[in-house]
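The chain contents come next:
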Amino acid sequence: MPLLLGFGLIYYQYTTLSEEELYKIKSCFEQADYFYIYLSLFIALFGYWARAYRWKYSLLHLGYQTDFKNDLMSVCVSYFMNLTIPRSGEITRAALLKKYENVPFDKGFGTIVAERIVDLLIFFLFVGLAFILQFEKLYGFIKEKIAFEKIMLYAGVGIIFSLLFLLIWIYAEWNIIKKLKNKLSGLIEGMLSILKMKDKWKYIFFSFFIWLSYLLMFYVTIFALPETTNISFDIVIMGFIFGSLAVGFTNGGLGAYPLAIAMIFSIYGISNDIGTAFGWLIWTSQTILTILLGLLSYAFLPLYNKK
């Protein structure tokens, strides 16, 4: 289903773009300065490395000294798997760690869940900063696209449903609610385990390093196209946030990533064809890197662990 959604978004983009816009996108690919694309890919490698290196601290906290090369290759395979089924990479990573390092699946998976919580918190910091800096611009865009009465209606419905959910969550005795509460308590426990970690400050440092590498990877790409070279850092952060959301909710951003970038860039007066071309440049190059590293790691893991 997620794959169908991705291909559906690609079809939607292709059919809604004019011939002139499609020609402009093709020209952007031909005339782009690929030095900055390759630089972006080089920076992306630091993100892979930092994620694997951060992982060792939570594994050490549990008493497992793992081989860094196995950790890194498992991370690469997990990124690749997320291109097929969203969030399947986390399960794959824990399974590979069990196979090659004999770390119990539940413990390995718990460290990965804790990572995701930390990543989510850092992402919210980016979101909060961006919306504070760009509140007027975003509010103006929403007001232009949606009538004020509808905004108030949606806000009212959202508040009602939130209160209803809160009441059900607190007072309902349904089995599904009990199961969700147990899952949530496990997530909280995983998060709190980071605070008890001996190397928690190193863990936090590498967590921020990962996200800064993601942001820098996105930022250097603006210099690949003449039309995006002079965009401000505020626009870069907004593009980065919406691009990250597209990746998180789909198969690695298939179809959704270029659409999200084009939409957010349009708020700042960047034409649809340039925003789309920029989105496809980043998504295509990063996806090729993910596929190559994932397949190579999957092939080398059994060879490296022959013994």
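Look above for the structure.
Residues numbered from 1 in each chain as written. Predicted model: local features only at pLDDT ≥ 70, side-chain atom pairs only at ≥ 80, totals over all residues. Heavy atoms only, no water.

(A) Representation of the nonpolar core within the structure. Counting 68 residues, the largest nonpolar core has Trp211, Phe218, Ile241, Phe265 and Phe278 as the members making the most contacts within it. A total of ten residues in this core trace back to one element, the largest contributor, which is helix α3 (residues 34-61). Look past the residues within four positions of Ile241 in its chain and what remains in contact with it is Phe123, Phe126, Val127 and Ala130. Counting five residues, the second largest nonpolar core, distinct from the first, contains Met73, Leu96, Tyr100 and Leu301. (Core = buried A, V, L, I, M, F, W, Y, C linked by side-chain atoms within 4.5 Å. Buried < 20%, exposed > 50% of the residue type's maximum accessible area, 1.4 Å probe, protein only. Helix = DSSP H or I, 4+ residues; strand = E, 2+ residues; numbered from the N terminus. Contact = heavy atoms within 4.5 Å.)

(B) How the structure looks around the pattern of salt bridges. Scanning the entire structure with this criterion turns up nine salt bridges. Close ionic contact of Arg93 with Glu115 constitutes a salt bridge, the shortest N to O distance being 2.8 Å. Here the residue Arg93 occupies a position in helix α5 (residues 88-101), and Glu115 occupies one in helix α6 (residues 105-133), the gap between them amounting to 22 residues. Glu115 shares its class with Arg93; the two are buried. Ionic pairing is found between Asp199 and Lys202, a salt bridge with its closest N-O pair at 4.0 Å. Assessed through its relative accessible area of 22%, Asp199 is described here as partly exposed. Salt bridges here are not isolated pairs; linked through shared partners, they connect Arg51, Arg54, Glu90, Arg93, Glu115, Arg116 and Asp119. (Salt bridge = Lys/Arg side-chain N within 4 Å of Asp/Glu carboxyl O.)

(C) Inspection of unusual backbone geometry at higher detail. With a phi angle near 60°, Asn102 is a residue other than glycine that sits in the positive phi range. Assignment of secondary structure puts Asn102 in the loop between α5 and α6.

(D) Representation of the side chain of Asp71. With respect to the helices, strands and loops of the structure, Asp71 is situated in helix α4 (residues 68-81). Comment: no salt bridge for buried Asp71; closest opposite-charge side chain is Arg93, at 7.7 Å. What Asp71 contacts, discounting residues up to four positions off in sequence, is Ala52, Trp55, Lys56, Leu59, Thr66 and Leu97. (Lys, Arg positive; Asp, Glu negative; His and termini not counted.)

(E) Seen up close, the packing of aromatic side chains. Going through the model one piece at a time under the given rule, you end up with 28 aromatic pairs. Ring geometry for Phe126 and Trp211: centres 6.3 Å apart, planes at 40°, overall tilted. In this pair, Phe126 is assigned in helix α6 and Trp211 in helix α10 (residues 200-221), connecting sequence segments 85 residues apart. When its relative accessible area of 13% is taken as the criterion, Phe126 is described as buried. Under the relative-accessibility criterion, Trp211 is labelled buried at 9%. (Phe/Tyr/Trp six-rings, centres within 6.5 Å; stacked < 30°, edge-to-face > 60°.)

(F) Just α10, in detail. Taking 1.5 Å as the rise per residue, α10 with 22 residues should run 32 Å; its terminal C-alpha atoms sit 32 Å apart, in good agreement. Turning to α10, its buried residues are Tyr203, Phe206, Ser207, Ile210, Trp211, Ser213, Tyr214, Leu215, Met217, Phe218, Val220 and Thr221. (Expected span 1.5 Å × (residues − 1).)

(G) Up close: the packing of α3 against α6. The N-to-C vectors of α3 and α6 enclose an angle of 120°; their axes lie 10 Å apart at closest approach. Viewed along their axes, α3 and α6 adopt a mutual orientation that is oblique. Where α3 crosses over α6, the two elements pack in a sense that is right-handed. Judged by residue contacts, Arg51, Arg54, Trp55, Ser58 and Leu59 of α3 engage Gly108, Thr111, Ile112, Glu115, Arg116, Val118 and Asp119 from α6. Taken together, the residues that form the contact of α3 with α6 break down as four nonpolar, three polar and five charged. (Axes fitted to C-alpha atoms, helices over the stretch in contact; angles between N-to-C directions. Parallel < 35°, antiparallel > 145°, perpendicular 65-115°, else oblique. Left-handed = near helix turned anticlockwise from the far one by under 90°. Nonpolar A, V, L, I, M, F, W, Y, C, P; charged D, E, K, R; others polar.)

(H) Broad picture of a nonpolar patch on the surface. Side chains of Ile159, Leu163, Leu166, Leu167, Ile170 and Tyr171 sit close together on the surface and give an oily, nonpolar patch of about 650 Å² of accessible area. Here Ile170 lies in helix α8 (residues 148-171). For Ile170, a relative accessible area of 46% puts it in the partly exposed group. (Patch = residues over 30% accessible without salt bridge, like charges linked within 9 Å, V, L, I, M, F, W, Y side chains within 5 Å. Areas by Shrake-Rupley, 256 points an atom, 1.4 Å probe, with all protein chains shown as cover.)

(I) Representation of the packing of helix α12 (residues 256-267) against helix α13 (residues 272-304) within the structure. One can describe the packing of α12 onto α13 by two numbers: an axis separation of 7 Å at closest approach and a directional angle of 140°. If you check the angle between α12 and α13, you find them oblique. Helix-helix and strand crossings are classified by hand; for α12 and α13 the assignment is right-handed. Residues Tyr257, Pro258, Ile261, Ala262 and Phe265 of α12 touch α13, and the partners they reach there are Asn272, Gly275, Thr276, Phe278, Gly279, Trp280, Ile282 and Trp283. Residues that form the contact of α12 with α13 fall into these classes: nine nonpolar, four polar and no charged.

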